[in-house]
Amino acid sequence: MRPTMYLRVALVIILVSICLCTSSVARNQSQPENAVGSSYVAAVYEHRVILNPEPHVSLSRSAALKHMQINLDVYEEQAKRAAQQGAQILVFPEDGLQGFNYSRSSISGYLETVPDPQQESWNPCMEPDRYTNTEVLQQLSCMARRYSLYLVANMADSQPCPASADASSSCPSDGRWQFNTNVVFRSDGLLVARYHKHNLYFEKAFDKPPSPEIITFDTPFAGRFGVLTCFDLLFHEPTVTLLERGVRQLVYPTAWMNQLPLLAAVQFQRAFSLGANVSVLAANIRSDPLGMTGSGIFSPISAFHHHARQGEPEEGRLLVARVPVLDPRWTGGRFATEGVEVEKVREGRQGTPDLGSASEGQSGENGGETAGEVRGESWSSKPVDSGYCLQEYSCLDSTHPPSPTGPSAPPSCVTFTSSMMYDPFTFVPLHGAEGELSVCDGPLCCHLQFQRSPQSSSTELYALGAFAGTHTVNGRYALQVCALVRCAGTEASSCGQEVEEAESKMDFLLEGMFGTRHVYSSVLASGMVLEQPAQLEKTADGRVAMKHSNMTAGLVTACLYGRMHHLDYD
């Protein structure tokens, strides 16, 4: 072969290689980085915040920084430990840096102005001199960069606004807004998200944003996450709007005060994850005096959580778990949850993440882990056959006997009213080892079929309750709730009171006809054990049915918690 022929062949080979490489790069750019990955490692830290003992007294900036540095040092330690266990994203709780119970003026020393990452690109760790009074932002940014993980934290933010004499203006008279704010940093320290909490809960130091903020951020390992805070979880904005926009992964700093029997932190975090078909990375505060505990890493089919029990040391807890990716852009439009369980991650030799049955507690702690898994079968959409029509009859209030021509109530079916979570529930007691009964409150009717285990306590009283109305204590929101609860005593008036322990195990089917699609199901067993419903069904006409059996501990609460967002302002 002549030299010119060799040259032509070589040129053809080079051109073909370039074309193939270009095609490969184009294909890779059209897909999210690491798009084939089906899971990622997440961490949440339940923090025992070091509080300001006099939150109503204003501090200088230097004194406020000195206080926050104590909590930042804990964050630094936990970020390092999370990274050693392979975490790619770490969530810290609401109010974890400064604490709470401040007035508008007394929190001033803790405020920093957080730039909007949608308007400008800023890496506080690499550009610390761009803005003054951003020491906390700089430390959080460097923390994310140092340990190469996405970091979510909550802090106090001040934003200027035009003061106006107009009574309709939302700008406070001092010319600034003060917001309860989540910040998110990329693994190189870049500030990528800022979210101002919309639904405040007795937070005198902060303002409600003029309009709801729907904030998301993208990661190279799991796609898109939405951002919300604490009380937001119960409301349409921003939570439902995020879901309607296809967000299926949420970061959730919270400072949640537990309230049994329906709204313990891990109970509702788990119920929301299941009912909304999302992952929730929830980090709570640990404060025994305020009843704050309960953090977890939840997916629709499984979970890993921690709820401190009475008498346990009041200390922080780091949870690390492998979580299935749910971003529909990464899963081909479907949720990658089948056959994937949330696996706990423990620190293996030389810091290599090892999938196992233990998790890490606070630094220096050996054993004593009380975090729990959700127990039970995977979520099922199989129809639940109750063999019962919800409209057939309902329990009737003893003060309103049945009409001679109307449907008759079942035997021993007399209702009573008792307060649960400050709402007047209509209850009917359970009698015997098995049976079926129903109860209605306004348009909501709930039905129960149950069978107690032979080992169940004969002295424990249970009742089926229904409530349809507007909750007005410590917040205003419309509800429809069906709940099977263990009563605190043997008197009817004790039904609805807080209970953590129970001996009676039950197989049951709980169902109701709801006027909303936002219904969240939970099964809470003795000792704050969360159990996964064996079967769950939702139909287009509003029927929700939850079936469960083979409980691992006594039943405390089985609940279908419906949020009537469209009635919140009626």
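Our subject is the structure that appears above.
All figures in this text were calculated on a predicted structure; none of them were measured in a lab.

1. Looking at the overall build of the protein
Of regular secondary structure, the protein possesses five helices and 29 strands. Per-residue burial for the protein yields a buried fraction of 55% across its 570 residues. Put simply, 70% of the contacts in the protein that link residues at least 6 apart link residues at least 24 apart. Counting only carbon and sulfur atoms, one obtains 52% of the accessible surface of the protein, whose full area is about 24200 Å².

2. Details of the sheet that holds strand β28 (residues 543-548)
Adjacent strands of a sheet form backbone hydrogen bonds with each other and so pair up, either parallel or antiparallel. The strand order across the open sheet formed by five strands is β20-β21-β24-β28-β27, and the pairing between neighbours is antiparallel. In this open sheet, the two edge strands, each paired with only one partner strand, are β20 (434-441) and β27 (535-538). Along the sheet, successive strands turn relative to each other by an average axial angle of 10 degrees, direction set aside. Sheet topology note: the β27/β28 ladder contains four bridges and is antiparallel. Considered in β28, the bridge of Gln535 is made with Lys547.

3. Points about the packing of aromatic side chains
Under the criterion given, the structure shown has 22 aromatic pairs. Measuring from ring centre to ring centre gives 4.9 Å for Tyr201 and Phe231, while their planes differ by 75 degrees; the resulting arrangement is edge-to-face. In this pair, Tyr201 is assigned in the loop between β5 (191-196) and β6 (216-219) and Phe231 in the loop between β7 (223-227) and α4 (236-244), connecting sequence segments 30 residues apart. The partly exposed category is assigned to Tyr201, whose relative accessible area is 26%. The buried category is assigned to Phe231, whose relative accessible area is 9%. Geometrically, the ring pair formed by Phe235 and Tyr477 is edge-to-face, given 5.8 Å between the ring centres and 85 degrees between the ring planes. With Phe235 in the loop between β7 and α4 and Tyr477 in strand β23 (residues 477-486), the pair connects residues that are 242 residues apart, well separated along the chain.

4. Thoughts on the state of the cysteines
Summed over the entire model, instances satisfying the criterion amount to five disulfides. Between the sulfur of Cys440 and that of Cys445 lies a disulfide, 1.9 Å long from S to S. With the S-S bond torsion at 105 degrees, the cross-link from Cys440 to Cys445 turns out right-handed. On the basis of relative accessibility, which here comes to 17%, the residue Cys440 falls in the buried class. On the accessibility criterion, Cys445 (19% relative accessible area) is buried. Two residues, Cys487 and Cys495, share a disulfide whose sulfurs are 2.0 Å apart. Disulfide Cys487-Cys495: torsion about the S-S bond near 85 degrees, hence right-handed. In terms of burial, Cys487 and Cys495 fall into one category: buried. Cys559 carries a free sulfur, and the closest cysteine sulfur to it, the one in Cys482, is 8.2 Å from it.

5. Thoughts on the side chain of Asp441
Along the polypeptide, Asp441 turns up in strand β20. Nearest to the buried, unbridged Asp441 among oppositely charged side chains is Arg563, at 14 Å. Among the polar contacts listed, one links the side chain of Asp441 to the backbone nitrogen of Ala468, at a separation of 2.8 Å. When residues no more than four places from it in sequence are discounted, the contact partners of Asp441 are Thr426, Ala466, Phe467 and Ala468.

6. Focus on the nonpolar core
In terms of nonpolar packing, the biggest core is built from 79 residues, with Leu262, Phe508 and Tyr561 touching the most fellow members. Beyond its immediate sequence surroundings of up to four residues, Phe508 is in contact with Leu448, Gln449, Phe450, Val523, Met546, Lys547, His548, Leu555 and Ala558. Judged by nonpolar contacts, the second largest core, of 39 residues, contains Tyr45, Leu111, Ala144 and Met155.

7. Some words on the environment of Glu500
Take Glu500: it is sitting in the loop between β23 and β24 (506-513). In this structure the C-alpha to C-alpha distance between Glu500 and Leu555, which are 55 residues apart in sequence, comes to 9.5 Å. Not counting residues up to four positions away in its chain, the partners in contact with Glu500 are Leu260, Arg309, Ala525, Ser526, Gly527, Met528 and Val556.

8. Here's the deal with the pattern of salt bridges
In the structure shown here, the tally under the stated rule is 21 salt bridges. Residue Arg104 is joined to Asp207 by a salt bridge in which the shortest nitrogen-to-oxygen separation is 2.9 Å. Linking Arg104 in the loop between β2 (89-91) and α3 (135-147) with Asp207 in the loop between β5 and β6, this pair joins segments that are 103 residues apart in sequence. A relative accessible area of 14% means that Asp207 is categorised as buried. Ionic pairing is found between Asp116 and Arg194, a salt bridge with its closest N-O pair at 3.9 Å. One end of the pair, Asp116, is in the loop between β2 and α3; the other, Arg194, is in strand β5, with 78 residues separating them in the sequence. Judged by its relative accessible area of 13%, Arg194 is buried.

Conventions used here
Residues numbered from 1 in each chain as written. Predicted model: local features only at pLDDT ≥ 70, side-chain atom pairs only at ≥ 80, totals over all residues. Heavy atoms only, no water. Helix = DSSP H or I, 4+ residues; strand = E, 2+ residues; numbered from the N terminus. Buried < 20%, exposed > 50% of the residue type's maximum accessible area, 1.4 Å probe, protein only. Contact = heavy atoms within 4.5 Å. Areas by Shrake-Rupley, 256 points an atom, 1.4 Å probe, with all protein chains shown as cover. Pairing = 2+ DSSP bridges. Axes fitted to C-alpha atoms, helices over the stretch in contact; angles between N-to-C directions. Phe/Tyr/Trp six-rings, centres within 6.5 Å; stacked < 30°, edge-to-face > 60°. Disulfide = S-S within 2.5 Å. Lys, Arg positive; Asp, Glu negative; His and termini not counted. Salt bridge = Lys/Arg side-chain N within 4 Å of Asp/Glu carboxyl O. Polar contact = N/O pair within 3.5 Å; in protein donor to acceptor, adjacent residues only side chain to side chain. Core = buried A, V, L, I, M, F, W, Y, C linked by side-chain atoms within 4.5 Å.

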